[in-house]
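One letter stands for each residue in the lines below.
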Amino acid sequence: MPKIQAFRGLRYNLAQVGELSDVVAPPYDVIDPALQQQLYDTSPYGFVRLELTKVQTSDSDPLKQYERAATLFRQWIRDGVLQYEPDPAIYVYHQVFDLAGTTITRRGFLSRIKLARFGEGNIFPHESTHPKAKEDRLRLTRACKANLSPVFGLYPDAENAAQNLLDGYIADKAALEAHDHLGVTHRLWPVTNQGLIAQVANLIEDKPMFVADGHHRYETACDYRDEIVAAN
């Protein structure tokens, strides 16, 4: 698995937005028009307004919706709706949901990862991508100059060594918690302990990662990286 690093994430300022459950949104490609409107109506700070900005009838330029997302993104940072983490962190992330009468907890973490195109490193796809979807995500990334949605990856760790280290560290710490439109509970803990982060990075450095969801977002990140390199 390519190297991972901590990063200074942007997080909602709950003093301004209220309930975190009111502003969360799923990835763009599972949001239909009805859900998009529902999420828009729930809060003026809903993340859907960045992740999947509405197209307006007055938009004569196809790039207008992305420019609108970028303007709102910058405004939220300027107004303190979104705030940077004080220190670089990785984020322990749990999803809790019911399946056939059994409560399941899916455990993972969010981090920065060094990009490598499929076929050039230890990150592997399981499905093909489509140019139209990648162009959409690239336009949004160019406009906002930010990665707005993570990629979901799986890696082999039979003993759960990396995850157990992280979960042990946050066991006595309060989580940020949100409930989505499907009833899934999402819990998040920032971890800024650099020694622990280094341990986790070392444990998974030589493992492969398989993209479970987010192939278009991952390839878009590679394309955007190459554009930035070429421009500089």
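Reading the values: the criteria
Residues numbered from 1 in each chain as written. Predicted model: local features only at pLDDT ≥ 70, side-chain atom pairs only at ≥ 80, totals over all residues. Heavy atoms only, no water. Helix = DSSP H or I, 4+ residues; strand = E, 2+ residues; numbered from the N terminus. Rg over C-alpha atoms; globule rule 2.2 N^0.38 Å. Buried < 20%, exposed > 50% of the residue type's maximum accessible area, 1.4 Å probe, protein only. Contact = heavy atoms within 4.5 Å. Areas by Shrake-Rupley, 256 points an atom, 1.4 Å probe, with all protein chains shown as cover. Lys, Arg positive; Asp, Glu negative; His and termini not counted. Charge placed at Lys NZ, Arg CZ, Asp CG, Glu CD. Patch = residues over 30% accessible without salt bridge, like charges linked within 9 Å, V, L, I, M, F, W, Y side chains within 5 Å. Salt bridge = Lys/Arg side-chain N within 4 Å of Asp/Glu carboxyl O. Pairing = 2+ DSSP bridges. Core = buried A, V, L, I, M, F, W, Y, C linked by side-chain atoms within 4.5 Å. Axes fitted to C-alpha atoms, helices over the stretch in contact; angles between N-to-C directions. Polar contact = N/O pair within 3.5 Å; in protein donor to acceptor, adjacent residues only side chain to side chain. Parallel < 35°, antiparallel > 145°, perpendicular 65-115°, else oblique. Left-handed = near helix turned anticlockwise from the far one by under 90°. Nonpolar A, V, L, I, M, F, W, Y, C, P; charged D, E, K, R; others polar.

Trainee: I'd love a proper account of the overall build of the chain, names of residues and values included.
Mentor: On a plain count of helices and strands, the chain comes out with eight helices and eleven strands. What you see for the chain is a C-alpha radius of gyration of 18 Å, in line with the 17 Å of a compact globule of 232 residues. Here the C-alpha coordinates of the chain stretch approximately 55 × 40 × 40 Å along the principal axes. Across the 232 residues of the chain, 39% fall into the buried class. Contacts in the chain between residues at least 24 apart in sequence constitute 73% of all its contacts with a sequence separation of at least 6. Of the roughly 13,100 Å² of accessible surface on the chain, a fraction of 52% belongs to carbon and sulfur atoms. The distance from the centre of the 25 positive side-chain charges to the centre of the 30 negative ones in the chain is 5 Å.

Trainee: Talk me through a nonpolar patch on the surface; I want residue IDs and the actual numbers.
Mentor: Taken together, Phe152, Leu154 and Phe210 make up a surface patch of nonpolar side chains, about 270 Å² in accessible area. Inspection of the secondary structure assignment puts Phe210 in strand E11 (residues 209-213). A relative accessible area of 39% places Phe210 in the partly exposed class.

Trainee: Give me the lowdown on the sheet that holds E11, citing residues and values where you can.
Mentor: The strand order across the open sheet built from three strands is E7-E11-E8, with neighbouring strands paired in mixed fashion. The sheet is open, and its two edges are formed by strand E7 (123-124) and strand E8 (152-154), each paired on a single side. Inspection of the sheet shows E7 paired to E11 by two bridges, in the parallel sense. Within E11, the position partnered with Phe124 by the bridge is Phe210.

Trainee: Before we move on, could you go through the nonpolar core and cite the residues and values that matter?
Mentor: In this structure, Tyr12, Leu50, Phe73, Trp76, Leu140, Cys144 and Leu148 are the most contacted members of the largest nonpolar core, which totals 19 residues. Among the secondary structure elements, those contributing two or more residues to this core are helix H4 (64-78) and helix H5 (131-144). Considering each element in turn, this core owes the most residues, five residues, to H4. Setting aside anything within four residues of it in sequence, one finds Leu50 in contact with Ala69, Leu72, Phe73, Trp76, Leu140 and Leu148.

Trainee: Kindly report on the sheet that holds strand E4 (residues 90-99), identifying the contributing residues and their values.
Mentor: An order of E5-E4-E10-E9 is seen for the four strands of this open sheet, with the pairing classed as antiparallel. A strand with exactly one partner marks an edge of an open sheet, and here the two such strands are strand E5 (102-110) and strand E9 (176-179). With direction set aside, neighbouring strand axes in the sheet form an average angle of 20°. Strand direction decides the pairing type here: E4 and strand E10 (residues 185-191), joined by seven bridges, are antiparallel. Pairing of Val92 across the sheet is with Trp189, part of E10. The strands touched by helix H6 (residues 161-170) are E4, E5 and E10; relative to E4, the strand with the most contacts, the crossing angle is about 95°.

Trainee: Would you mind going over the side chain of His186 in detail, with residue names and values included?
Mentor: With respect to the helices and strands, His186 occurs in strand E10. Judged by its relative accessible area of 17%, His186 is buried. At 2.6 Å, the side chain of His186 and the side chain of Tyr93 are in polar contact. Among the polar contacts made by the side chain of His186, one reaches the side chain of Asp180 at a distance of 2.8 Å.

Trainee: Outline the packing of H5 against helix H8 (residues 215-231), supporting the account with residue identities and numerical values.
Mentor: Viewed as axis vectors pointing N to C, H5 and H8 meet at an angle of 50°, and their least axial separation amounts to 9 Å. Considered as vectors, H5 and H8 are oriented oblique to each other. The handedness of the crossing between H5 and H8 is right-handed. Each of Ala133, Lys134, Arg137, Leu138, Thr141 and Arg142 in H5 lies in contact with H8, whose residues at this interface are His216, Arg217, Glu219, Thr220, Asp223, Tyr224 and Glu227. When the residues that make up the contact of H5 with H8 are grouped by side-chain class, the tally is three nonpolar, three polar and seven charged.

Trainee: Account for the pairing of E9, with residues named and values stated.
Mentor: In the sheet, E9 pairs with E10 via four bridges, with the strands oriented antiparallel. Bridged to Ala178 within E10 is His186. Connecting E9 to the antiparallel partner E10 that follows it, the hairpin turn spans five residues, and Gly183 within it adopts a positive phi of roughly 90°.

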